[in-house]
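Understanding the architecture of this molecule
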Amino acid sequence: MSDSSPLPPVRLHSEAELARDALAAPLLSRAARLARWAGPDTRVETGGVLVQEQLPAAARALGLIDGEGEGEGDVSAGDVSVEDALAHASEAWRVAVDAGLVEVVDEDEGTVTVGEDLALLTSGSPHEVLGVWLGALETVLADAGVPDLDDLVDSMGESGEVDFSQLDWDPDAEADFLDGVLANLYLLSVSEDGPADIPVPLPALAASMVVPSDMGEPTNDVLEQVSDMMMRLDDQFRLLEPVGLVAYRPVDEALMADIDDPAEGASAGDETDVSRYGMVRLTPLGLYGVRARLLESGFEAPAVGDLADKGADALLDGMAGFPATAARAETEQWLTRREPRAAARELLAAARGGDAGAPLRRLHCQQALSLVGGESEPALREVLDDAELGGLARVWLSEYGAPDVPAPSEAMVFWLTIDTVAAQLAAEGNSAELRGLVEGLAQQHGGFFEAAWRVDHPATPDVLEAMGRLHPDKRVAKEARKAAFKARSQQGG
């Protein structure tokens, strides 16, 4: 995925809703409870790690073990052992320190105090709460990229330091891998025909990270890599769920010992069987978090509503790569903040131009005006004589059923036709709908190409070339290419 091309726009929940989700995330909630539990007697080691002797007290403060040290409570999928309870307490403490809920005041003494950010969880704005949550997320993502602790211990030499070469672990590569997995999930969530809130089978996600896009039948070696990847992702998603990033159904324990053909499982028709191999989706909070990381990494990751406070020129240009439903949602938000007639005039003014993006701007303008409704009529009548907008205005007024709409000249009809095809090319490329439009134009107008190449529109040569490429009839396609040559010669190109 290139950071130079914009991602599809995401529809986020409001910051207030997301902040409530963040506060309800089990891990951040535990971290806040430990920050309030900490006192003058709390001691930490280097790096702010809670001393081992105080972990049982921390676990008791979280309700994970009782006074005798026995496990109690329900963390995620069952009763918690003492060992797991201590691990959960240790993780929550690390999050509390890293997210600014606890502050180490004396490194030598190992003493702590309440961090400034703890108050934000109760009295801060939704945006500030989400800032704290993002800090917690960074800690969890870093933990998810660390291999099993037993492997770490086994790789330590006589010096007591980890031998990374023996461990075969590259922290940077692991972080990049996890970012890639989350980016794939994000794309599936925001694409027009993606699964939305439908979970993604873990084998399919693993295959997207391993199987080359041009590979036909996966080899046994590739299938083994997919299987290994599934186990790796299973461990990581189990860690990421408590922070609220994902909703995850783990791999069925009965399958752990022997997953011979995950690709076959992912393609099976029985949804119940597929789910046994693990299912994952980004939560609304997860969409927010992954988008924030993408933006920080330099990706263009728009969200619906980003353009609501900007001018009509920014709206029409900004929606150039939006899918239809996202473009409509963006336009609706933009219109709710404006008086209808003034909005219509602003949209029409922004739709003018002879640049390459102008035809698509006019298409989005026409679609936006349909949402304004009858209050657009005065603004549209004002541009009936405009060379660039007069055809658009006549079409809109006629479709709306307005009276006394003047008939367009032949020159205006052909100009509007070229403009419309240029807009469709920009919006959809060589789509089936555009192919049907091209065939219809050539069939309805016997002398279409003879007249079309003379149209004084910057996109005329490109439109005629596209018609020659798209039309299935070789004779008609040849006529279109000849017309494109004449049009380019006329424009001096």
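Residues numbered from 1 in each chain as written. Predicted model: local features only at pLDDT ≥ 70, side-chain atom pairs only at ≥ 80, totals over all residues. Heavy atoms only, no water.

1. A short note on the confidence of the model for the protein chain
Residue-level pLDDT values for the protein chain average 86, and 86% of them are 70 or greater. With pLDDT under 50 throughout, residues 69-78 is counted as low confidence; its partners more than four residues away or in other chains account for 21 contacts. (pLDDT = per-residue confidence, 0-100. Contact = heavy atoms within 4.5 Å.)

2. Details of the sheet that holds strand β4 (residues 246-249)
To summarise the sheet geometry, strands pair through backbone hydrogen bonds and adopt either a parallel or an antiparallel arrangement. Read from one edge of the open sheet, 3 strands run β3-β5-β4, paired in antiparallel fashion. Strand pairing shows two members of the sheet lacking a second neighbour, β3 (200-201) and β4, which therefore form its edges. Relative to strand β5 (residues 279-282), β3 is paired through 2 bridges, and the arrangement is antiparallel. Bridging across to β5, P201 finds its partner in M279. Of the strands in this sheet, β3 and β5 are in contact with helix α9 (residues 171-190), which crosses β5 at around 75°. (Pairing = 2+ DSSP bridges. Helix = DSSP H or I, 4+ residues; strand = E, 2+ residues; numbered from the N terminus. Axes fitted to C-alpha atoms, helices over the stretch in contact; angles between N-to-C directions.)

3. Overview of the pairing of strand β2 (residues 111-114)
Here strand β1 (residues 102-106) runs beside β2; their pairing, made up of 4 bridges, is antiparallel. Its bridge partner lying in β2, E103 is registered against T113. Count of turn residues in the β1/β2 antiparallel hairpin: 4 residues, of which G110 carries a positive phi of about 70°.

4. Quick look at the environment of D21
With respect to the helices, strands and loops of the structure, D21 is situated in helix α1 (residues 15-24). Counting along the chain gives 265 residues from D21 to G286, while the straight-line C-alpha distance between them is 10.0 Å.

5. Regarding the environment of R337
Relative to the assigned elements, R337 resides in the loop between α17 (324-336) and α18 (340-351). For R337, the residues in contact, after removing those within four places along its chain, are A308 and D309.

6. Regarding the packing of α9 against helix α10 (residues 202-210)
At a closest axis distance of 10 Å, the pairing of α9 and α10 adopts a crossing angle of 120°. By the angle between their axes, α9 is oblique relative to α10. Crossing angle aside, the handedness with which α9 passes α10 is right-handed. Contacts from F177, G180, V181, N184 and L185 in α9 reach L205, S208 and M209 in α10. (Parallel < 35°, antiparallel > 145°, perpendicular 65-115°, else oblique. Left-handed = near helix turned anticlockwise from the far one by under 90°.)

7. With respect to the pairing of β5
Note that β4 and β5 share 4 bridges and pair antiparallel. Within β5, the position partnered with R249 by the bridge is M279.

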